[in-house]
Amino acid sequence: AQTVTQSQPEMSVQEAETVTLSCTYDTSENNYYLFWYKQPPSRQMILVIRQEAYKQQNATENRFSVNFQKAAKSFSLKISDSQLGDTAMYFCAFKRIRDDKIIFGKGTRLHILP
Amino acid sequence: DARVTQTPRHKVTEMGQEVTMRCQPILGHNTVFWYRQTMMQGLELLAYFRNRAPLDDSGMPKDRFSAEMPDATLATLKIQPSEPRDSAVYFCASGLEYGELFFGEGSRLTVL
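On a predicted model such as this, the values are computed, not experimentally measured, just so you know.

Draft legend 1. How the structure looks around the overall build of chain A. The helix and strand inventory of chain A stands at zero helices and twelve strands. Ordered by position from the N terminus, the helices and strands of chain A form the series β-β-β-β-β-β-β-β-β-β-β-β. Its C-alpha radius of gyration of 14 Å places chain A within 12% of the 13 Å reference for a compact globule of 114 residues. A total of 114 residues make up chain A; the buried ones form 52% of that total. Counting only contacts in chain A whose residues sit at least 6 apart along the sequence, the fraction spanning at least 24 positions is 55%. As presented, chain A carries roughly 5,500 Å² of accessible surface, and 46% of it is formed by carbon and sulfur atoms. Charge separation in chain A, taken as the distance between the mean sites of 14 positive and 11 negative side-chain charges, equals 6 Å.

Below is the structure:
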């Protein structure tokens, strides 16, 4: 069975700093998707970034980028120039190509301090 | 602006009462999921549908929970009878088979 592990339950950084959130996963699949979702205090789950396992290039979305290490089964999220609005719970998630289900990690609560 | 719509946003009820949560998925999406979020367990998958057919409800307590999709625009999650341990935020999400999920704003349920 696939599992997703986020080893940092909570983190705090100063505004404008760069922060990296860790995620590891376990699978025997070769093709799959990985996601980072953000859940701000409003509770809405928002997709931050998506990575296809067959792509070697790391995905980026503005200030958000990932470090995808397929062999190590690692998928970390880097937030550059962090902003107060980045304060949220961040979930790492995994999905097999031939499956509909998305498996979520337990989340990392990120606080951006002014 | 396409979005997943869930009702109610908040529900407070007494133990033993029936609770029904509703979800309108994004038009054109063919998969619909129900997740439950608690502090202790995180996000748990309760059930999901593809093309309105239930494919997996193994995460759902069968004796009290039921999930249905009577048509393409409506998914329901019912708890009967409700118990205090059912208190949680329930999310509906929809998507296409090979893509990400789009979540509703969740229904916060409190069972007293």
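After presenting the structure, the write-up continues.
Draft legend 2. Representation of the nonpolar core. If you look at the biggest cluster of nonpolar residues, it comprises 26 residues, and the most contacted ones within it are L21, Y25, W36, F75, L77, Y90 and L110 of chain A. Going through the elements one at a time, β2 (10–14), β3 (19–21), β5 (32–39), β6 (46–52), β8 (64–69), β9 (74–79), β10 (88–96) and β12 (108–113) of chain A are the ones with two or more residues in this core. By size, the runner-up hydrophobic cluster in this structure holds 22 residues, among which are V4, M69, A75 and A88 of chain B.

Draft legend 3. Geometry of the interface of chain A and chain B. Contact with chain A, which involves 19 residues of that partner, is made by 29 residues of chain B. Counting the surface lost from both chain A and chain B, the interface buries some 1,900 Å², and carbon and sulfur atoms represent 47% of this. Here chain A is connected to chain B by three salt bridges. Residues K101 of chain A and D56 of chain B are paired through a salt bridge, measuring 2.8 Å at the closest nitrogen-oxygen approach. Elements supplying a minimum of two residues to the side of chain A that touches chain B: β5, β6 and β10 of chain A. The element that contributes the greatest number of residues to the side of chain A that touches chain B is β5 of chain A, accounting for four residues. Partitioning the side of chain A that touches chain B into residue classes produces nine nonpolar, three polar and seven charged.

Each value, and the rule that gives it
Starting afresh in each chain, residues are numbered from 1 along the sequence in its written order. Ligands are numbered from 1 and chains lettered from A, in the order in which they are written. Only residues with pLDDT of at least 70 get local features here, since the model is predicted, and only at 80 or more are side-chain atom pairs given and counted; chain-wide, interface and lining totals rely on the full set of residues. Where side-chain values are given, they derive from all heavy atoms of the structure, hydrogens and water being excluded. Going along the chain from the N terminus, every DSSP run of H or I of four or more residues is numbered as a helix, and every run of E of two or more is numbered as a strand. Atoms counted for the radius of gyration: C-alpha only. Globule rule: 2.2 Å times residue count to the power 0.38. Throughout this description, buried means an accessible area under 20% of the type-specific maximum (1.4 Å probe, protein chains only), exposed means over 50%, and partly exposed covers the range between. Any two residues whose heavy atoms approach within 4.5 Å are treated as being in contact. Shrake-Rupley sampling with a 1.4 Å probe provides the accessible areas, and residues are treated as covered by the protein chains on show and by no other component. When charges are counted, Lys and Arg contribute as positive and Asp and Glu as negative, whereas His and the chain ends are disregarded. Taken as the charge location is NZ of Lys, CZ of Arg, CG of Asp or CD of Glu. In these notes, a set of buried Ala, Val, Leu, Ile, Met, Phe, Trp, Tyr and Cys residues joined through side-chain atoms within 4.5 Å is what counts as a nonpolar core. By buried area we mean how much accessible surface two parts lose on assembly, using a 1.4 Å probe and totalling the loss over both. Salt bridge, as applied in this entry: a Lys or Arg side-chain nitrogen positioned within 4 Å of an Asp or Glu carboxyl oxygen. Throughout this entry, Asp, Glu, Lys and Arg are counted as charged residues, while Ala, Val, Leu, Ile, Met, Phe, Trp, Tyr, Cys and Pro are counted as nonpolar. The remaining residues, Gly among them, count as polar.

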